[in-house]
Amino acid sequence: KDDDGSDLNVKYEDEDNELYEFEAFSLAPYEINAMIYLPDATANIGAATDPKVVHEMDDYKWDLYLGQNFHMHIEDWGDDDALAAHIANLEDHSHIYDIEYIEESDNFIYYKSTLKVDGAVPSDNVGTEHVSYHCVGMHTIDGVNYIFRTNKEGHPKPITDYMAKSIKSVKPIDLPA
């Protein structure tokens, strides 16, 4: 029993503990009836306090920025399987990039992409290794498949870790009719 004698028992989802450095952000004003959790100022990724969404009304693409380091891309894929298309695209570019999957599930992938260096013998003159981290998740909201992903260039791993949590946190919201 609660302090006042009532049988009130509040239960939180397990993932809420993982989101203690995150704040809920509604995408409804941008034509997506969903909530996403974005890193807050305590996440220490240089995140601005206010997210910025760039979207042309009635378009199928959105860009979500949180400071200069966090850039997420969102696309409306209708009823197509956007995640399968993304994975197929990765396979099509396997001659350019080595892909190492860090996490995979039915609607989410997190991977490390390393640019392959041409030539049989690696050269010390090539410069820094071109490694980036990416995550992609697909969520069905109001019967529409949306892809949420890192931008094309990817991000360093610490930023991508936060993005992965954000992408996996997306939940549809019920708006009054």
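Summarised in this report is the structure supplied together with it. Owing to the predicted nature of the structure, the values given are computational and were not obtained by experimental measurement.

### Brief notes about the sheet that holds strand β10 (residues 171-172)
And step 1. Strand order in the open sheet made by the 3 strands is β1-β2-β10, with antiparallel pairing throughout. A strand with exactly one partner marks an edge of an open sheet, and here the two such strands are β1 (22-26) and β10.
And step 2. As paired strands, β1 and strand β2 (residues 34-39) are joined by 5 bridges and run antiparallel to one another. Its bridge partner lying in β2, Ala-24 is registered against Tyr-37.
And step 3. Lying on the sheet, helix α3 (residues 157-168) is in contact with β1, β2 and β10; it crosses β2 at an angle near 160 degrees.

### Here we look at the pattern of salt bridges
And step 1. Across all of its chains, the model carries 4 salt bridges by this definition.
And step 2. Here Arg-149 makes a salt bridge to Glu-75, at a shortest N to O gap of 3.6 Å. Note that Arg-149 is positioned in strand β9 (residues 144-150) and Glu-75 in strand β5 (residues 70-76), a separation of 74 residues in sequence. Grouping residues by exposure puts Arg-149 and Glu-75 together as buried.
And step 3. The partner of Asp-161 in a salt bridge is Lys-157, and the shortest N-O contact between them spans 3.1 Å. In this pair, Asp-161 and Lys-157 are both assigned in helix α3, 4 residues apart and thus about one turn of the helix distant.

### Structural notes on helix α2 (residues 82-92)
In an α-helix, one full turn covers 3.6 residues, which means residues spaced three or four apart are oriented alike.
And step 1. Considered for burial, the residues of α2 that qualify are Ala-82, Leu-83, His-86 and Leu-90. Buried residues of α2, seen end-on, are gathered within an arc of 100 degrees and therefore sit on one face of the element. Residues of α2 that are exposed and point more than 90 degrees away from the buried face comprise Glu-91 and Asp-92.
And step 2. Residues of α2 that are buried sit in contact with β6 (97-105), β7 (108-115), β8 (131-141) and β9.
And step 3. The distance from a side-chain oxygen at the start of α2 to the backbone nitrogen of Leu-83 is 3.2 Å, and the residue carrying that oxygen is Asp-81.

### A word on the nonpolar core
And step 1. Among the nonpolar cores identified, the biggest contains 31 residues, and Ile-32, Ile-36, Met-72, Tyr-146 and Phe-148 are the most heavily contacted of them.
And step 2. If you list the elements that add at least two residues to this core, you get β1, β2, β4 (61-66), β5, β7, β8, β9 and α3.
And step 3. By residue number, the principal contributor to this core is α3, which donates 5 residues.
And step 4. Membership of the second largest hydrophobic core comes to 8 residues, among which are Ala-82, Leu-90, Val-136 and Ile-147.

Definitions and limits used
- Residues numbered from 1 in each chain as written.
- Predicted model: local features only at pLDDT ≥ 70, side-chain atom pairs only at ≥ 80, totals over all residues.
- Heavy atoms only, no water.
- Pairing = 2+ DSSP bridges.
- Helix = DSSP H or I, 4+ residues; strand = E, 2+ residues; numbered from the N terminus.
- Contact = heavy atoms within 4.5 Å.
- Axes fitted to C-alpha atoms, helices over the stretch in contact; angles between N-to-C directions.
- Salt bridge = Lys/Arg side-chain N within 4 Å of Asp/Glu carboxyl O.
- Buried < 20%, exposed > 50% of the residue type's maximum accessible area, 1.4 Å probe, protein only.
- Arc of directions from axis to C-beta.
- Polar contact = N/O pair within 3.5 Å; in protein donor to acceptor, adjacent residues only side chain to side chain.
- Core = buried A, V, L, I, M, F, W, Y, C linked by side-chain atoms within 4.5 Å.

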